[in-house]
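# Examination of the molecular architecture
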Amino acid sequence: MSDNPESLDNLRLKIDQLDSQLVDLLAQRARLTTKVGEYKSRRGLPVYVPSREAELISKRRAEGESKGVSASLIEDLLRRIMRESYQTQSNQYLCVAAKVNKIVIVGGRGALGRIFVDMFKRSGYQVEILEYKDWPKAEQILTGADLVLIAVPIALTETVIAQVAQFIPKKSILADITSTKQKPLQTMLDNHSGPVVGLHPMFGPDVQSLVKQVVVVCEGRQPEAYQWLVEQIQMWGAIVHLSTAQEHDDAMAFIQVMRHFSSFVYGAHLAGENPDLQQLVAFSSPIYRLELAMVGRLFAQDPELYADIIFNNVESIGLLKRFRDRFDAALSLLEGNNKGEFVKQFFAIGNWFGPYAKECLVSSKKLLLKADDDRVL
């Protein structure tokens, strides 16, 4: 190693020492956030407090700028650190409804059902699981349940609701977490005279926590009886949106069905054309790799799940046909070399998106930087 204090080796050594100090500081911070989580749990405070997060980021950005450090760098680091902090705070939660004696999750060993089993147990509730093989003991398991949560595949949901409803007390809350809401909600209302609520967790089984995850709540019957359930979900850090079942399903036609079906067709076209996939990835900039990754991600998951999502909403067929018509109309502009009309429509569509388009431009830059960081040569 050079004796010159400004040699590359010595400079790198100083950087390594600072990096080690950063690791030590992160370990100290993690221990503190664990204590924060314990404090919040004892006092019934939510894990995620948006105002606290915004205030912290604002102060540290200003502090970074005053010391010549990029405010964007400070924010990127803090958001990643805070995401980890939410994990350290998520070992235990306050039980919002201490009088709830038993929760039964039908399909609790499934991918999404397991998450709710875990979250309720962390909150101190007694949780039992009812699976198909347990059906001979269904009445025994369901007796005395204060909440029965249906977490089975979409195709089975309505049948299972009807079967389960015959065994549950009138006071029990009957809820489901299916991605479609009108039919399951109506089936619950038809088969159970007590409290009913439809839930749609807008996340998959690979989430690390419910912090900042969205859960749509569709009112069924006796909302005052299941208010504790909504509050418990919020305690876990989730963002709750209230909706009617009709509004929910209309939105899901765009959010889920249209996107998944489009990704399916895009994937089918790639497979049919059979280009060199590794070359496509290698040649792609971060934005194109992200788009390709979102298509590829679909085909790494359960085909039955996505088939159920797409095929269960028959009303979306008209939407998809209109999408096909607009694709054909855009293709006709290309075939006719009509750039002028293309630009005209481009502006019109941009006006429809309004300020949100600019917001997307800003937020996508952060995603692209992260995608660029993760690139491996």
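Residues numbered from 1 in each chain as written. Predicted model: local features only at pLDDT ≥ 70, side-chain atom pairs only at ≥ 80, totals over all residues. Heavy atoms only, no water.

### Focus: the overall build of the protein chain
Condition: Think of it this way: any DSSP run of H or I at least four residues long counts as a helix, any run of E at least two long counts as a strand, and we number them from the N terminus. Per-residue accessibility, obtained with a 1.4 Å probe over protein chains only, is compared with the maximum for each type, and a residue is labelled buried under 20%, exposed over 50%, and partly exposed between these values. In what follows, a contact means two residues having at least one pair of non-hydrogen atoms within 4.5 Å. Residues counted as positive are Lys and Arg, residues counted as negative are Asp and Glu, and His and the chain ends are not counted. All charge positions are set by atom: Lys at NZ, Arg at CZ, Asp at CG, Glu at CD.
Counting its regular elements, the protein chain contains 15 helices and seven strands. Overall, the C-alpha framework of the protein chain stretches about 80 × 65 × 35 Å when taken along its three principal axes. Relative to its full complement of 377 residues, the protein chain shows a buried share of 36%. Relative to all contacts within the protein chain whose residues are 6 or more apart in sequence, the contacts with residues 24 or more apart total 69%. In the protein chain, 44 positive and 45 negative side-chain charges are present, and the distance between their average locations comes to 5 Å.

### Looking at the pairing of strand 2 (residues 127-130)
Selection rule: Two strands qualify as a pair provided that DSSP identifies no fewer than 2 bridges between them. Viewed with both strands pointing away, a crossover whose connecting path from the first strand over the helix to the second turns clockwise is right-handed.
Taken together, the four bridges between strand 1 (residues 103-106) and strand 2 define a ladder with parallel strand orientation. Within strand 2, the position partnered with V104 by the bridge is E128. Note that the unit made of strand 1, helix 4 (residues 111-122) and strand 2 has a crossover that is right-handed.

### Structural notes on the packing of aromatic side chains
Given two aromatic rings, their pairing is described by the distance between the two centres and the angle made by the two planes. Definition in use: Classification of ring pairs rests on two measures: the distance between centres of Phe, Tyr or Trp rings, Trp counted by its six-membered ring, which must be within 6.5 Å, and the angle between planes, read as stacked under 30 degrees, edge-to-face over 60 and tilted in between.
Here the structure, examined in full by the defined rule, presents 10 aromatic pairs. With a centroid separation of 5.9 Å and 85° between ring planes, the pair formed by Y48 and Y86 is classed as edge-to-face. Of this pair, Y48 sits in the loop between helix 1 (8-43) and helix 2 (50-66) while Y86 sits in helix 3 (residues 71-88), placing them 38 residues apart in sequence. Residues Y48 and Y86 agree in their burial class; the two are buried. Judged by centre distance (5.1 Å) and plane angle (75°), the ring pair of F120 and W236 falls under edge-to-face.

### Structural notes on the environment of V47
Along the chain, V47 falls in the loop between helix 1 and helix 2. Its relative accessible area of 4% is what places V47 among the buried residues. Expressed as a C-alpha distance, the spacing of V47 and K212, which sit 165 residues apart in the sequence, is 9.9 Å.

### Quick look at the packing of helix 6 (residues 154-165) against helix 7 (residues 182-191)
Formally: Whenever a helix is involved, its axis is fitted only over the stretch in contact; in every case the axis is a line through C-alpha atoms, and angles between N-to-C directions fall within 0 to 180 degrees. Angles are sorted into four bins: roughly parallel if under 35 degrees, roughly antiparallel if over 145, roughly perpendicular if 65 to 115, and oblique for all others. Handedness of a crossing is defined here by the sense of rotation of the near helix relative to the far one, left-handed for an anticlockwise turn of less than a right angle and right-handed for a clockwise turn. Under this grouping Gly is polar, as are all residues other than the nonpolar Ala, Val, Leu, Ile, Met, Phe, Trp, Tyr, Cys and Pro and the charged Asp, Glu, Lys and Arg.
Running from amino to carboxyl end, helix 6 crosses helix 7 at an angle of 15°, the nearest separation of the two axes being 9 Å. With respect to helix 7, the element helix 6 is oriented roughly parallel. Where helix 6 crosses over helix 7, the two elements pack in a sense that is right-handed. Between helix 6 and helix 7, the residues in contact are T157, E158, I161, A162 and A165 and K183, P184, T187, M188 and N191, respectively. Its residues assigned to classes, the contact of helix 6 with helix 7 comprises five nonpolar, three polar and two charged.

### Side note on helix 14 (residues 339-353)
Rules: In this scheme, a helix's expected span is set at 1.5 Å multiplied by one less than its residue total.
Between its first and last C-alpha, helix 14 extends 21 Å over 15 residues, near the 21 Å set by a 1.5 Å rise per residue. Taken from the residues just after helix 14, G354 is the one with a positive phi, measuring 60°.

### Regarding the nonpolar core
For clarity, the cut-off: The nonpolar core is taken to be a set of buried Ala, Val, Leu, Ile, Met, Phe, Trp, Tyr and Cys residues, with the residues joined through side-chain atoms within 4.5 Å.
Formed by 37 residues in total, the largest nonpolar core has its most connected members in I105, F116, F120 and W228. If you list the elements that add at least two residues to this core, you get strand 1, helix 4, strand 3 (147-150), strand 4 (173-176), strand 5 (196-201), strand 6 (214-221) and helix 8 (223-235). Not counting residues within four places of it along the chain, the set of residues in contact with W228 comprises V96, A97, V100, I103, F120, Y125, L147 and I173. Formed by 21 residues, the second largest nonpolar core is a distinct cluster that contains L142, I150, V196 and A245.

### Some words on the environment of G194
Assignment of secondary structure puts G194 in the loop between helix 7 and strand 5. Residue G194 is classed as buried on the basis of its relative accessible area of 1%. Spatially, the C-alpha atoms of G194 and K170 are 4.9 Å apart, while their sequence positions differ by 24 residues. Apart from residues lying up to four places away in sequence, G194 is in contact with K170, S172, R221 and Q222.

### Quick notes on the pattern of salt bridges
Inclusion rule: Whenever Lys or Arg places a side-chain nitrogen within 4 Å of a carboxyl oxygen from Asp or Glu, that contact is recorded as a salt bridge.
Under the defined criterion, the tally for this structure stands at 16 salt bridges. For K171, the salt bridge identified is with D146, shortest N-O distance 2.7 Å. Of this pair, K171 sits in the loop between helix 6 and strand 4 while D146 sits in the loop between helix 5 (138-142) and strand 3, placing them 25 residues apart in sequence. In this structure, the salt-bridge partner of D325 is R324, at a minimum N-O distance of 3.7 Å. The exposure class of D325 is partly exposed, given its relative accessible area of 43%. In this structure, a network of salt bridges that share partners links the residues E53, R61, E75, R79 and K212.

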